[in-house]
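# Fold and geometry: a report
Listed here are the chains, written in short residue letters.
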Amino acid sequence: MTVTQLMTKQLVKLQLDGTTKDEIMEEMIGLIDGAGGLVDREQYKQALYDREREGSTGIGFGIAIPHGKSDAVKHPCLAFGMKHEGVDWDSLDGEKVKLIFMIAVPEQYAGNEHLKILQLLARKLMDETFREQLLTVRKVEDVLQLFETFQS
């Protein structure tokens, strides 16, 4: 499994419109729903917010990885959005978030798939050069290419 198997052009938005965490979450849920990844948008949203209440998914370095496991998800997928101005996400390091990755996983794949996706992302996002390159991307295709070519 690779990031580009989970993330299609429909799941990438280079300039998110929302100005708050809730608006961004709603916008990204819309990406996943619009790409046909959800059976029930509200049920998936509830799973996301249940996870967020356990602790912020703002992991630092300007990155947030909200994720939800739910029967409302048809198949594992990954949405990506950027907010160049940053948005407050209650991140562990107190910094605003610019790179948001939303993971959607069906409940039956919860443990294994979910952890694999987080592991794939973490490997790439730990690299400062990769994060910087991601922030300079101007076309959706370039995001997918960057994930495809950047080997960890």
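Above: the structure in question.
Everything in this summary refers to the structure shown in the same document. Just so it is clear, the model here is predicted, and its values are computed rather than measured.

Where helix 2 (residues 21-34) contacts helix 3 (residues 41-54), the two axes come as close as 11 Å, and the packing angle between them is 135 degrees. Viewed along their axes, helix 2 and helix 3 adopt a mutual orientation that is oblique. The handedness of the crossing between helix 2 and helix 3 comes out as right-handed. Listed contacts from helix 3 to Lys21, Asp22, Met25, Glu26, Ile29, Gly30, Ile32 and Asp33 of helix 2 are Arg41, Tyr44, Lys45, Leu48, Tyr49 and Glu52. Across the contact of helix 2 with helix 3, the residue classes tally to 6 nonpolar, 1 polar and 7 charged.

Despite not being glycine, Phe61 has its phi angle at roughly 60 degrees, a positive value. Following the sequence through the fold, Phe61 ends up in the loop between strand 2 (58-60) and strand 3 (63-64). Positive phi, normally seen in glycine, also occurs at Asp90, with a value near 55 degrees. Within the element layout of this structure, Asp90 appears in the loop between strand 5 (77-87) and strand 6 (97-106).

Cut-off values and rules
Residues numbered from 1 in each chain as written. Predicted model: local features only at pLDDT ≥ 70, side-chain atom pairs only at ≥ 80, totals over all residues. Heavy atoms only, no water. Axes fitted to C-alpha atoms, helices over the stretch in contact; angles between N-to-C directions. Helix = DSSP H or I, 4+ residues; strand = E, 2+ residues; numbered from the N terminus. Parallel < 35°, antiparallel > 145°, perpendicular 65-115°, else oblique. Left-handed = near helix turned anticlockwise from the far one by under 90°. Contact = heavy atoms within 4.5 Å. Nonpolar A, V, L, I, M, F, W, Y, C, P; charged D, E, K, R; others polar.

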